[in-house]
Amino acid sequence: MAGNWPRSVVVVGAGVVGLSTAWYLQERGVQVDVVDRGGVAAGASWGNAGWVAPGLAIPLNEPSVLRHGLRSLLDPAAPLHVPASLDPGLWGFLLRFAANSRWRSWARAARANLPLNDECVEAYEVLAANGVSAPVVAAPITAAFRTRRQAEGLLRELRRLQAVGQHIEHTVLDRERLAEQVPLAGGELGAGVRIDGQRYVDPGGFVHALGRAVMSRGATVYAFDVDSVRTDGRKAIVSSAKGTVLSADAVVLATGAWLPRLARQWGVRVPVRAGRGYSFTVPVEHPVPGPVYLPDVRVACTPYQGGLRVAGTMEFRDPDAPQAPARVKAIIDSARPLLRGVRWDERTDVWVGPRPVTSDGRPLIGATTSPTVYVAGGHGMWGLAHGPITGRLLAEWVTTGKRPEALADFDPLR
């Protein structure tokens, strides 16, 4: 390393986290190349809801989620689904997740997220103002419920976030104001909570634009599956089973739900599992002025290319498992009674993607046992929102050798 900091870095993973890290490394004068087995936005970055929503970045390890998970063992249509399996790795993960599903652990994860939440919108705006040609749209996210009593569940969650320091502007809506805010709201919906100051993007469009920007600055994006990562004392070396080899002063592993395969040898022991989400696009007969959240059925809806992207479910299965049509049907069956003017049978772009979930609700961002190997992953449902700020903070660490205080609770070696 010249000048005691890396002049070249290979980023493994071309999702929003990996490409954001590459972009911010380039801002600091580093030569970057990117590797991904499927190309840009091939994993969880393409088909998610596209929310940049610090006001709803609620850690997954909430005690109520554990209760839902236990019930899901008997209900294949539940929003949180754990299929019956003999996979000892999955059950080991779930036991550790259960141990962390306490308010003390939840509060630690929520506090750890505060710096990411505070700066995530700004990190997006920096990208959009400097060559990433994709819009970042300001809009409130409106959560809709059948009754005000049901809305109280989300309001309690927002109060807990506020208690740990998260600033959230929100307004409770009655039936009439909800109908004005959400023209798609069906007759069963009688109350809402509008969370202001949020953003959304077309996730696939944004990440592809980010990839083009990274390449325009001199990076090459290679399409191959990294089989091994090693060091020779000076360089980090990544290689494929077919013999393709790249080397640089450092490597960043940002492979999402596949992170453990390459990171384990570098001392990363926190379990990461695929919490798979599904989405599809449907035509609508009413305007969609902004994102809509249906908390009782865990479904997120976002304006998308003149229609509506509908996303939901958390399915703990192998990241490479095929789509399960029953999960799409469960999303439709749960949302259909709540929304009007949605042409469910004309859906397109049916997608499943593996969100990387850690057992303690906190991502893994930072240095490993090797001074030339870093990791960035495990953001769960908030990888899109926190991807750019993660990239900015990690690029600072890589190029200065000093850990930003904002990353203290995300130590990959914890």
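Overview of the structure. (Residues numbered from 1 in each chain as written. Predicted model: local features only at pLDDT ≥ 70, side-chain atom pairs only at ≥ 80, totals over all residues. Heavy atoms only, no water.)

**Quick notes on unusual backbone geometry**
Short version of the rule: For helices the rule is a DSSP run of H or I covering at least 4 residues; for strands it is a run of E covering at least 2, with both sets numbered from the N terminus onward.
Although it is not a glycine, Arg-298 sits at a positive phi angle of roughly 55°. Note that Arg-298 resides in the loop between β16 (292-294) and β17 (299-304).

**Digging into the layout of surface pockets**
The condition that has to hold: For each structure, a 1 Å grid was placed over the protein atoms alone; sets of points admitting a 1.4 Å probe that cannot get out are labelled cavities, open sets with protein on both sides within 12 Å along at least five of seven lines are labelled pockets, and lining residues have an atom within 4 Å of a point. Grid points are joined across faces, edges and corners, and a volume is the space filled by probe spheres set on the points.
One number sums up the size of the second largest pocket: a volume of about 400 Å³. What lines the second largest pocket is a set of 22 residues, and nearest its centre among them are Pro-260, Arg-261, Arg-264, Val-272 and Arg-273. Among the secondary structure elements, those contributing two or more residues to the lining of the second largest pocket are α3 (88-99), α8 (259-263) and β15 (272-282).

**Observations regarding the pairing of strand β13 (residues 245-248)**
Applied cut-off: A 1.4 Å probe rolled over the protein chains alone gives each residue an accessible area, and that area as a share of the maximum for its type sets the label: buried under 20%, exposed over 50%, partly exposed in between. Only strands joined by at least two bridges in the DSSP assignment are considered to pair.
Burial along β13 is one-sided: the face carrying Leu-246 and Ala-248 is buried and the face carrying Val-245 and Ser-247 is not. Two strands pair when backbone bridges link them, and strand β12 (residues 236-240) and β13 are joined in this way by four bridges, in the antiparallel orientation. If you follow Val-238 over to β13, its bridge partner there is Leu-246. The turn linking β12 back onto β13 is made up of four residues, and Gly-243 within it adopts a positive phi angle of 100°.

**Remarks on the side chain of Ser-8**
To keep things clear, this is the line we draw: Whenever a nitrogen or oxygen atom comes within 3.5 Å of another N or O atom, the pair is scored as a polar contact, on the condition that within protein one atom can donate a hydrogen and the other can accept it, and that pairs from neighbouring residues in sequence are kept only if both atoms are in side chains.
Note on placement: Ser-8 falls in strand β1 (residues 8-12). A polar contact is formed between the side chain of Ser-8 and the backbone nitrogen of Asp-249, at a distance of 3.0 Å.

**Looking at the nonpolar core**
We count it as follows: In these notes, a set of buried Ala, Val, Leu, Ile, Met, Phe, Trp, Tyr and Cys residues joined through side-chain atoms within 4.5 Å is what counts as a nonpolar core. By definition, residues are in contact when any of their heavy atoms lie within 4.5 Å.
Judged by nonpolar contacts, the single largest core of 48 residues is most densely connected at Val-9, Val-11, Trp-23, Leu-25, Val-34, Val-132 and Leu-394. At the level of secondary structure, the elements contributing two or more residues to this core comprise β1, α1 (16-27), β2 (31-35), α4 (103-128), α7 (203-216), β14 (250-253), β21 (373-377) and α10 (383-400). Contacts of Leu-25, omitting those with residues within four sequence positions, involve Val-9, Val-11, Val-30, Val-32, Ala-395, Val-398 and Thr-399. Within the second largest apolar cluster, 29 residues are counted, among which are Leu-178, Tyr-278, Phe-280 and Trp-344.

**Quick word on the packing of aromatic side chains**
Threshold: In this scheme Phe, Tyr and Trp rings, the latter by its six-membered ring, pair at centre separations within 6.5 Å, and the angle between planes marks the pair as stacked below 30 degrees, edge-to-face above 60, and tilted otherwise. Two conditions define a charge located above a ring, namely a distance within 6 Å from the ring centre to NZ of Lys or CZ of Arg, and an angle within 35 degrees of the ring normal.
With the rule as written, the count across this model stands at 10 aromatic pairs. Here a set of aromatic residues connected by ring pairs shows up, and it is made of Phe-93, Phe-97 and Phe-316. Above the ring of Trp-46, the side-chain terminus of Arg-309 is found at 4.7 Å from the ring centroid. One residue, Arg-309, lies across the ring of Tyr-304, its end atom 4.1 Å from the ring centre.

**Description of the pattern of salt bridges**
Note the cut-off: One side-chain nitrogen of Lys or Arg within 4 Å of one carboxyl oxygen of Asp or Glu is enough to make a salt bridge.
In the structure shown here, the tally under the stated rule is 20 salt bridges. When the shortest N-O distance is used, the salt bridge between Arg-37 and Asp-320 registers 2.5 Å. Taken together, the residues span a long stretch of sequence, with Arg-37 in the loop between β2 and β3 (51-52) and Asp-320 in the loop between β18 (307-316) and α9 (325-335) at a distance of 283 residues. A salt bridge links Glu-285 to Arg-343; the shortest N-O distance between them is 4.0 Å. Note that Glu-285 is positioned in the loop between β15 and β16 and Arg-343 in the loop between α9 and β19 (348-358), a separation of 58 residues in sequence. Taking the relative accessible area as the measure of exposure, Glu-285 reaches 52% and is therefore exposed.

**Regarding the sheet that holds β14**
Put simply, the test is: Axis lines are fitted to C-alpha atoms, over the contacting stretch for helices. Their N-to-C directions set the angle, which ranges from 0 to 180 degrees.
In spatial order, the strands read β10-β2-β1-β14-β21-β20; together these six strands make up an open sheet with mixed pairing. With partners counted over all chains shown, the strands left at the sheet margins are β10 (221-222) and β20 (364-367), one partner each. Packed onto the sheet, α1 meets β1, β2, β14 and β21 and runs at close to 170° relative to β2.

**Remarks on the packing of α1 against α7**
What counts here: In this scheme the crossing of two helices becomes right-handed for a clockwise turn of the near helix relative to the far one and left-handed for an anticlockwise turn of less than a right angle. Ten residues, namely Ala, Val, Leu, Ile, Met, Phe, Trp, Tyr, Cys and Pro, are considered nonpolar, four, namely Asp, Glu, Lys and Arg, are considered charged, and the remaining ones, Gly among them, are considered polar.
The contact between α1 and α7 brings their axes to 10 Å, and the two run at 30°. The hand of the α1/α7 crossing is left-handed. Of the residues in α7, those in contact with Val-16, Leu-19, Ser-20, Ala-22, Trp-23 and Gln-26 of α1 are Val-207, Leu-210, Gly-211, Ala-213 and Val-214. Here the residues of the contact of α1 with α7 are counted per class, giving eight nonpolar, three polar and no charged.

**Brief notes about empty space enclosed by the protein**
Within the structure shown, the criterion is met by two cavities of 30 Å³ or more. Of the pockets and cavities examined, the largest cavity occupies roughly 150 Å³. Looking at the largest cavity, it is lined by 14 residues, and the ones nearest its centre are Gly-361, His-379, Gly-380, Met-381 and Trp-382. Computed from the structure, the second largest cavity encloses a volume of approximately 40 Å³. Every residue along the wall of the second largest cavity is listed here: Ala-144, Phe-145, Arg-146, Leu-189, Leu-294, Pro-295, Asp-296, Val-297 and Leu-338.

**Re α1**
To keep it simple, the criterion reads: By this rule the span expected of a helix is its residue count minus one, scaled by 1.5 Å.
Taking 1.5 Å as the rise per residue, α1 with 12 residues should run 16 Å; its terminal C-alpha atoms sit 16 Å apart, in good agreement. For α1, the buried fraction is high: 11 of the 12 residues fall into the buried class. Where α1 is concerned, the buried positions are Val-16, Val-17, Gly-18, Leu-19, Ser-20, Thr-21, Ala-22, Trp-23, Tyr-24, Leu-25 and Gln-26. Phi turns positive one or two residues past the end of α1, at Gly-29, with a value near 85°.

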